[in-house]
Amino acid sequence: MNEMVTRVRLDVARIDVPGVGAAGGARRTELVSLALPDRAGLLLQRRAAEADRSDKLLAKRSRDVVGELRADLHFIELRGGELARVALSMARLGHVGAVVVCPAGVSPGRTALALAVADLLRDRRAARAPVVTCAVCPPLGMGRTAVPHEVRVEVDGRAQYRVVWELLTWEQVPTWLAGLR
């Protein structure tokens, strides 16, 4: 069986998420180079303090997707219908910094952007709680919702607007709304 893998290389982008907290403004960031399989999964980012303690088998399986330079990133394959539920559950774990939902066929570049936006959103929030994002709005299921964030991305002097979706449980919505004040 021939598996399709798509890789994109984006270097440095200036990213701004208007209206999400006053601190920080736009941020220059290096977007990760990804080679996504044509299967669904989650991209997990471990907190910096936990990156050295990653599971060696998971790291080996993830190497083809995230490369060898990012010990803090892991790719876990899942069935498409489980993505939102498992992503939001994984975000509750103490060692997780961000979770990016990767439906089959999603663009590696947009996925790299979703990871960068998750970092930006987490850094702008008081509790620095893990953020779950996706390049597209995935199937959510019961008890979950998604918030679209219009993002301004500037690469090589050219600006584009994209939408990155943040996934939340219904229980998280009041706290999320309170953070807008």
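Residues numbered from 1 in each chain as written. Predicted model: local features only at pLDDT ≥ 70, side-chain atom pairs only at ≥ 80, totals over all residues. Heavy atoms only, no water.

## So, the overall build of the protein chain
So, step 1. Counting its regular elements, the protein chain contains four helices and ten strands.
So, step 2. In the protein chain, the order of α-helices and β-strands from amino to carboxyl end is β-β-β-β-β-α-β-α-β-α-β-β-β-α.
So, step 3. Here the protein chain holds 181 residues, and the buried ones make up 44% of them.
So, step 4. The contacts in the protein chain between residues at least 6 apart in sequence include a share of 70% that link residues at least 24 apart.
So, step 5. Surface summary for the protein chain: the accessible area is close to 9,900 Å², and the carbon and sulfur share equals 52%. (Helix = DSSP H or I, 4+ residues; strand = E, 2+ residues; numbered from the N terminus. Buried < 20%, exposed > 50% of the residue type's maximum accessible area, 1.4 Å probe, protein only. Contact = heavy atoms within 4.5 Å. Areas by Shrake-Rupley, 256 points an atom, 1.4 Å probe, with all protein chains shown as cover.)

## Focus on the nonpolar core
So, step 1. The biggest cluster of nonpolar side chains holds 27 residues, and the ones touching the most others in it are I15, L43, L113, L115, V117 and V151.
So, step 2. Looking at this core, the elements that each hand over two or more residues are β4 (34–37), β6 (73–77), β7 (96–102), α3 (108–123) and β9 (144–155).
So, step 3. Take this core: its biggest share by element is nine residues, from α3.
So, step 4. Membership of the second largest hydrophobic core comes to 18 residues, among which are A40, L88, L140 and L167. (Core = buried A, V, L, I, M, F, W, Y, C linked by side-chain atoms within 4.5 Å.)

## A word on the environment of T111
So, step 1. Here T111 shows up in helix α3.
So, step 2. Under the relative-accessibility criterion, T111 is labelled buried at 1%.
So, step 3. As a C-alpha pair, T111 and V100 span eleven residues in sequence and 7.3 Å in three-dimensional space.
So, step 4. Setting aside anything within four residues of it in sequence, one finds T111 in contact with L34, L36, L43, V100, C102, V106 and A135.

## Structural notes on helix α2 (residues 83–90)
So, step 1. The element α2 is extensively covered by neighbouring structure, given that six of its eight residues are classed as buried.
So, step 2. Turning to α2, its buried residues number three or more, namely L83, A84, V86, A87, L88 and M90.
So, step 3. Contacts made by the buried residues of α2 are with β5 (41–46), β6, β7, β8 (131–134), β9 and β10 (158–169).

## Re the pattern of salt bridges
So, step 1. In this structure the tally under the stated criterion is six salt bridges.
So, step 2. Close ionic contact of R85 with E82 constitutes a salt bridge, the shortest N to O distance being 3.9 Å.
So, step 3. A salt bridge links E154 to R152, with the shortest nitrogen-to-oxygen separation between them at 3.3 Å.
So, step 4. By relative accessible area, which is 25% here, E154 ends up partly exposed.
So, step 5. For R152, a relative accessible area of 29% translates into the label partly exposed.
So, step 6. Salt bridges linked by common partners bring R79, E82 and R85 together as one network. (Salt bridge = Lys/Arg side-chain N within 4 Å of Asp/Glu carboxyl O.)

## Focus: empty space enclosed by the protein
So, step 1. Tallying each qualifying case throughout the model produces one cavity of 30 Å³ or more.
So, step 2. What lines the largest cavity is simply L36, P37, R39, F75, C102, P103, A104, G105 and V106.
So, step 3. Partitioned by chemical class, the residues of the lining of the largest cavity number seven nonpolar, one polar and one charged. (1 Å grid on protein atoms, 1.4 Å probe; cavity = no way out; pocket = protein on both sides within 12 Å on 5 of 7 lines; lining within 4 Å. Points joined across faces, edges and corners; volume = space filled by probe spheres on them. Nonpolar A, V, L, I, M, F, W, Y, C, P; charged D, E, K, R; others polar.)

## Re α3
So, step 1. Taking 1.5 Å of rise per residue, the 16 residues of α3 would be expected to cover 22 Å, and the 23 Å separating its terminal C-alpha atoms lies within 8% of that figure.
So, step 2. If you check the start of α3, you find a side-chain oxygen 3.2 Å away from the backbone N of G109, and it comes from S107. (Expected span 1.5 Å × (residues − 1). Polar contact = N/O pair within 3.5 Å; in protein donor to acceptor, adjacent residues only side chain to side chain.)

## Topic: the confidence of the model for the protein chain
Low-confidence regions, as indicated by low pLDDT, have predicted coordinates that should not be scrutinised in detail.
So, step 1. Per-residue confidence for the protein chain averages 77 on the pLDDT scale, and 71% of its residues sit at or above 70.
So, step 2. At the level of individual helices and strands, the protein chain shows its lowest average pLDDT in strand β1 (residues 5–8), which scores 45, and its highest in β8, which scores 94.
So, step 3. The low-confidence segment residues 4–10 (pLDDT under 50) makes 25 contacts with residues lying over four places distant or belonging to another chain. (pLDDT = per-residue confidence, 0-100.)

## What to know about the pairing of β9
So, step 1. Here β9 pairs with β10 via twelve bridges, running antiparallel. The partner of V153 across the bridge, within β10, is Q160.
So, step 2. The hairpin formed by β9 and β10 contains two residues between the paired strands, and D156 there has a positive phi angle of roughly 50 degrees. (Pairing = 2+ DSSP bridges.)

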